[in-house]
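Remarks on the overall topology
Listed below, chain by chain, are the residues.
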Amino acid sequence: MNQWSEPSKRIFETADVKNFERSLAFHELQKTLNEVVLAVQGIKVPPGVLNPAIVTRDVKVSSDKRHTTESAGNTYQANVTHILNILRDLDKTIDETPPVEGPTRFGNIAFRTWHEKVESVLSSLRNLQPVDGLDIDDFLSEAKYYLANAFGSKIRIDYGTGHELSYLAFIGALIRYNILKSPTGEELLVLFSSYYDLVRRLILVYNLEPAGSHGVWGLDDHFHLIYILGASQFCNDPAAPSVKSILSKDVLNTYKTSNLYVNAISFIFKLKSGPFNEHSPILNDIHVSVFLWTKVRQGLLKMYMVEVLGKYPVIQHFWFGENLYPWVDMNKKKLPVNSSEDANDSKNVGMSSVGTGAAWANRNYTPYTRK
């Protein structure tokens with residue numbers, strides 16, 4: 001095993017994206033994505049986890065109305081509970097860090113104060129139950145970076161799919177080193193649901209800007225993975241609502257606390273007004289032209305490969321350590337080196353500012369299984 005190290009920046013230009021696609025880091029992220037997506041298939045978010053106020057228009061989210069995972073009444077492995085407690089403590093820190101009063105055009109600067117408090121909350125990661133043969137401090141020297149960077153940018157006061165990816169990377173690291181031991185689909189959904197409720201509160205309270213949004217030609221201003229997870233929840237579920245019916249008020253109210261896809265759509269309705277097909281045309285197109293949830297999931301995964309893992313403005317902010325997500329060529333087992341060929345190829349990996357025309361019309365997605 002290589003020596004553990006704090007992650008560092010490796011992607012400096014568009015040509016580096018091709019090297020990233022050949023790296024062990026890319027391979028590990030794909031495996032984690034596939035593993036999580038399959039684990040939550042057909043599973044519902046348990047009651048009492050997702051806070052309906054966060055995705056309900058004209059309802060203010062305050063500390064006395066916020067749900068916690070304690071109300072779910074379920075028993076999870078100790079390290080799942082510990083991560084949930086950390087997310088809960090970060091959520092409480094929002095209440096202790098009110099936004100600065102007055103007009104703020106590009107996000108509220110109190111978010112930077114909140115971010116400065118994150119380090120002290122994350123110090124409790126050292127209390128995770130250890131795994132034989134693993135030094136938890138060594139592991140956290142890399143893993144903590146991904147959790148710390150999953151809550152938006154302190155400098156830019158924004159949040160986007162790159163931060164969402166960072167949380168996926170953190171969960172993948174826990175699974176890979178058995179700190180989360182074969183987590184169930186429900187455990188994973190609770191971990192992601194609690195995370196999403198936290199970052200949505202950050203967006204609402206501090207008016208976080210979308211990071212790298214394509215505007216109406218993007219899937220969502222802030223998220224992508226949440227839709228993949230929610231679509232997978234509906235796959236192979238005979239009681240799932242039809243794809244076409246998701247935008248109806250009855251379906252939104254019925255499923256917004258049990259399914260992440262519906263929950264994400266409900267959050268859009270909280271933030272935006274006007275015809276859905278005008279402010280969210282990509283999502284609207286899904287519900288007009290696709291009929292199976294398996295096809296929705298497949299299309300969203302293809303889009304994720306292009307618009308998140310293959311997009312330079314997003315992936316440039318993903319950093320690499322020595323063990324969890326190494327900047328090493330998967331086949332050659334050495335550091336990738338740029339070449340003129342790589343630079344030319346990079347023009348074809350979705351680097352332009354134009355969004356993906358259709359979620360299911362780009363690059364094939366090849367599922368991986370963890371070995």
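Residues numbered from 1 in each chain as written. Predicted model: local features only at pLDDT ≥ 70, side-chain atom pairs only at ≥ 80, totals over all residues. Heavy atoms only, no water.

The name given to the chain in an unreviewed UniProt entry is Serine/threonine-protein phosphatase 2A activator, and the organism recorded there is Candida metapsilosis. The chain has a UniProt comment under Function (unreviewed entry) that states "PPIases accelerate the folding of proteins. It catalyzes the cis-trans isomerization of proline imidic peptide bonds in oligopeptides." (UniProt positions renumbered as here; feature names shortened; annotations may be inferred.)

Description of the overall build of the chain
Looking only at helices and strands, one finds 15 helices and 2 strands in the chain. When the accessible area of the chain is evaluated, it comes to approximately 16,200 Å², of which 50% is carbon and sulfur surface. (Helix = DSSP H or I, 4+ residues; strand = E, 2+ residues; numbered from the N terminus. Areas by Shrake-Rupley, 256 points an atom, 1.4 Å probe, with all protein chains shown as cover.)

Some points on the environment of Leu87
For Leu87, the position within the fold is in helix α3 (residues 78–95). Residue classification places Leu87 among the buried positions, given a relative accessible area of 3%. For Leu87 and Ser194, which are 107 residues apart along the polypeptide, the C-alpha to C-alpha distance reads 6.9 Å. Once you skip the residues sitting within four places of it in the chain, Leu87 turns out to touch Phe151, Tyr167, Leu191, Ser194, Tyr195 and Leu198. (Buried < 20%, exposed > 50% of the residue type's maximum accessible area, 1.4 Å probe, protein only. Contact = heavy atoms within 4.5 Å.)

Quick notes on the nonpolar core
Grouped burial of nonpolar side chains is what soluble globular proteins tend to show. The biggest cluster of nonpolar side chains holds 118 residues, and the ones touching the most others in it are Phe139, Tyr167, Tyr227 and Tyr261. For this core, the element with the highest residue contribution is helix α7 (residues 185–206), accounting for 12 residues. The contact partners of Phe139, leaving out residues within four places of it in the chain, are Trp4, Leu134, Ala173, Leu174, Tyr177, Ile179 and Leu324. (Core = buried A, V, L, I, M, F, W, Y, C linked by side-chain atoms within 4.5 Å.)

Comments concerning the pattern of salt bridges
One pass over the structure, following the stated rule, counts 14 salt bridges. Lys44 is the partner of Asp237 in a salt bridge, and the nearest nitrogen-oxygen pair spans 3.8 Å. Of the two residues, Asp237 is situated in the loop between α8 (225–234) and α9 (249–255) and Lys44 in the loop between α2 (24–39) and α3; the sequence distance between them amounts to 193 residues. The salt bridge partner of Arg200 is Asp197, with a shortest N-O separation of 3.3 Å. With Arg200 and Asp197 both in helix α7 and 3 residues apart, this pair spans about one turn of that helix. When its relative accessible area of 7% is taken as the criterion, Asp197 is described as buried. (Salt bridge = Lys/Arg side-chain N within 4 Å of Asp/Glu carboxyl O.)

Here we look at the packing of aromatic side chains
Within this structure, the stated rule accounts for 28 aromatic pairs. Residues Tyr145 and Trp319 carry aromatic rings whose centres are separated by 5.6 Å and whose planes lie at 15 degrees to one another, so their mutual orientation is stacked. A residue pair is termed long-range when its members are at least 10 positions apart, and Tyr145 in helix α5 (residues 136–148) and Trp319 in the loop between α14 (312–315) and α15 (340–345) qualify at 174 residues. Where Phe318 meets Tyr325, the ring centres are 5.8 Å apart and the plane angle is 80 degrees; that geometry is what we call edge-to-face. Take Phe318 and Tyr325: they sit in the same class, and that class is buried. Taken together, the ring pairs connect Phe111, Trp114, Phe151, Tyr159, Tyr167, Phe170, Phe192, Tyr195, Tyr196, Tyr206 and Phe223 into an aromatic cluster. Here the guanidinium or amino end of Lys9 rests over the ring plane of Phe12, the centre of that ring lying 5.6 Å away. Looking at Arg200, its charged tip hangs above the ring of Phe267, at a distance of 5.3 Å from the centre. (Phe/Tyr/Trp six-rings, centres within 6.5 Å; stacked < 30°, edge-to-face > 60°. Lys NZ or Arg CZ within 6 Å of the ring centre and 35° of its normal.)

Some details on the environment of Thr294
Assignment of secondary structure puts Thr294 in helix α13 (residues 293–307). Placed 58 residues apart in sequence, Thr294 and Asn236 show a C-alpha to C-alpha distance of 8.0 Å.

Notes on helix α12 (residues 281–289)
Among all positions in α12, only Pro281, Ile282, Leu283, Asn284, Ile286 and His287 are buried. Where α12 is buried, its residues touch α8, α10 (260–271), α11 (276–279) and α13.

Some details on the confidence of the model for the chain
Detailed reading of predicted coordinates is not advised where the pLDDT is low. Scored by pLDDT, the chain comes out at a mean of 87, with 85% of its residues at no less than 70. Across the chain, the element-wise mean pLDDT spans from 40 in α15 up to 98 in α8. Segment residues 64–72 is flagged for pLDDT under 50; beyond a separation of four residues in sequence, or across chains, it makes 21 contacts in the model. Segment residues 339–371: pLDDT under 50, and 76 contacts once partners within four positions in sequence are set aside and those in other chains are kept. (pLDDT = per-residue confidence, 0-100.)

Structural notes on unusual backbone geometry
In the Ramachandran plot, Ile157 falls in the positive-phi region, its phi being about 50 degrees despite a non-glycine side chain. With respect to the secondary-structure elements, Ile157 resides in the loop between α5 and β1 (158–159).

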